[in-house]
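Each chain, written out:
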Amino acid sequence: MNRKLSIIGAPMDLGQNRRGVDMGPSALRYAGVIERLERLEYDIEDLGDVHIPRPNRKEVQEDHLRNLKEVAEGNTNLAEAVDQVVTEGRFPLIIGGDHSIAIGSLAGIAKHYDNLGVIWYDAHGDLNTGDTSPSGNIHGMPLAVSLGIGHERLTGIHGYTPKIKPENIVIIGARSLDEGEKQLIKEKGIRVYTMHEIDRMGMPGVIQESVEYLKDRTDGVHLSLDLDGLDPNEAPGVGTPVMGGMSYRESHLAMEMFAEANFITSAEFVEVNPILDEKNKTATVAVGLMGSLFGENLK
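- Within an unreviewed UniProt entry, the label attached to the protein reads Arginase, and the organism entered is Pontibacillus chungwhensis.
- Of the comments in the UniProt record for the protein, the one headed Pathway (unreviewed entry) reads "Nitrogen metabolism; urea cycle; L-ornithine and urea from L-arginine: step 1/1."
- According to the UniProt record, the Catalytic activity (unreviewed entry) comment for the protein is "L-arginine + H2O = urea + L-ornithine".

This is the structure:
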């Protein structure tokens, strides 16, 4: 793992309609992310938060996309910041913010790789478009956008499209997929481990298969971890909780196995909403998972 690590906050709450997730980066810093990683002897720089524009009018939907202009602008700012971090040879750790920020994260990262792999640790596939989304929430679209599917103001961020290839994606923990997403998964042949597979195979089997699947076909791997991938009993402070998710212990094991595989080259942790949380529990869980991802263990 790259020992030089740059933290970038993305206080985005415009990709959905529940306020508070813009305070996620602050909650994660308050939960001690910097101190946790410094104890692991990483060279840490906190670059603060990128600018996310605020709508100067009542929320509008454009082409069935909520806050399209502001989400596109905020992700453009994030892409530029992430691009600079990777250019400097540092590991980008992006903290959100709703999951629409993955549009900017991947735009800034993928230009540095020929075959960037993506692990999408999430209850949702985030493969909707304006045509298939029931809500118009862009936080349900970043994986589709990164595949070049969706509105051109989103797919074209940072000047190129697509950012990633469907055969380089692994979704882990899915348990809430819309019909349009299911169709796209089948059409593109995207590898998905639902909770059914996790229950049958166990988390060690799922992670081992995921690592084996990605390690030889990719030249870098981005981990995009949505805290709603965990069961809401473990991580209550999220905007779209879905019962029956991954446990805290399973998730720690997954992060430890990714650390052992030594192939994660960038990461983001998203959807921490302190307004919906219980005494910052979800942010504390997220920081613990970061510790495991970056090599913390009991040995």
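### Quick word on the packing of helix α3 (residues 68-87) against helix α4 (residues 102-110)
Reasoning step 1: Their axes nearest at 7 Å, the elements α3 and α4 cross at an angle of 35°. Handedness of the α3/α4 crossing: right-handed. Of the residues in α4, those in contact with Asn75, Leu78, Ala79, Val82, Asp83 and Val86 of α3 are Ala102, Ile103, Gly104, Ser105, Ala107, Gly108 and Ile109.
Reasoning step 2: Residues belonging to the contact of α3 with α4 are distributed by class as follows: 8 nonpolar, 4 polar and 1 charged.

### Thoughts on helix α10 (residues 248-261)
In an α-helix, one turn spans 3.6 residues, which is why side chains three or four residues apart end up on the same side.
Reasoning step 1: The first and last C-alpha atoms of α10 sit 20 Å apart over 14 residues, in line with the 20 Å expected at 1.5 Å per residue.
Reasoning step 2: Buried within α10 we find Ser251, His252, Ala254, Met255, Met257 and Phe258.
Reasoning step 3: Its buried side turned inward, α10 meets β6 (116-121), β7 (169-174), α9 (203-215), β9 (220-226), β10 (264-270) and α11 (281-293).
Reasoning step 4: Near the N-terminus of α10, the side chain that reaches the backbone nitrogen of Arg249, with its oxygen 3.4 Å away, is that of Ser247.
Reasoning step 5: Of the residues trailing α10, Asn262 is marked for its positive phi of about 55°.

### Some words on the nonpolar core
Reasoning step 1: Formed by 51 residues in total, the largest nonpolar core has its most connected members in Tyr121, Ile172, Leu223, Phe258 and Phe294.
Reasoning step 2: Counting residues per element, this core draws most heavily on α11, at 7 residues.
Reasoning step 3: Setting aside anything within four residues of it in sequence, one finds Phe258 in contact with Ile119, Ile172, Ile207, Val211, Leu223, Phe263, Ile264 and Leu293.

### Some points on the pattern of salt bridges
Reasoning step 1: The full count for this structure, using the stated rule, is 12 salt bridges.
Reasoning step 2: Across the salt bridge formed by Arg153 and Glu62, the nearest N and O atoms sit 3.4 Å from each other. One end of the pair, Arg153, is in helix α6 (residues 152-155); the other, Glu62, is in strand β3 (residues 61-62), with 91 residues separating them in the sequence.
Reasoning step 3: Judged by its relative accessible area of 33%, Glu62 is partly exposed.
Reasoning step 4: A single network of salt bridges, built from pairs that share partners, joins Asp13, Arg19 and Arg54.

Parameters at a glance
Residues numbered from 1 in each chain as written. Predicted model: local features only at pLDDT ≥ 70, side-chain atom pairs only at ≥ 80, totals over all residues. Heavy atoms only, no water. UniProt positions renumbered as here; feature names shortened; annotations may be inferred. Axes fitted to C-alpha atoms, helices over the stretch in contact; angles between N-to-C directions. Helix = DSSP H or I, 4+ residues; strand = E, 2+ residues; numbered from the N terminus. Left-handed = near helix turned anticlockwise from the far one by under 90°. Contact = heavy atoms within 4.5 Å. Nonpolar A, V, L, I, M, F, W, Y, C, P; charged D, E, K, R; others polar. Expected span 1.5 Å × (residues − 1). Buried < 20%, exposed > 50% of the residue type's maximum accessible area, 1.4 Å probe, protein only. Polar contact = N/O pair within 3.5 Å; in protein donor to acceptor, adjacent residues only side chain to side chain. Core = buried A, V, L, I, M, F, W, Y, C linked by side-chain atoms within 4.5 Å. Salt bridge = Lys/Arg side-chain N within 4 Å of Asp/Glu carboxyl O.

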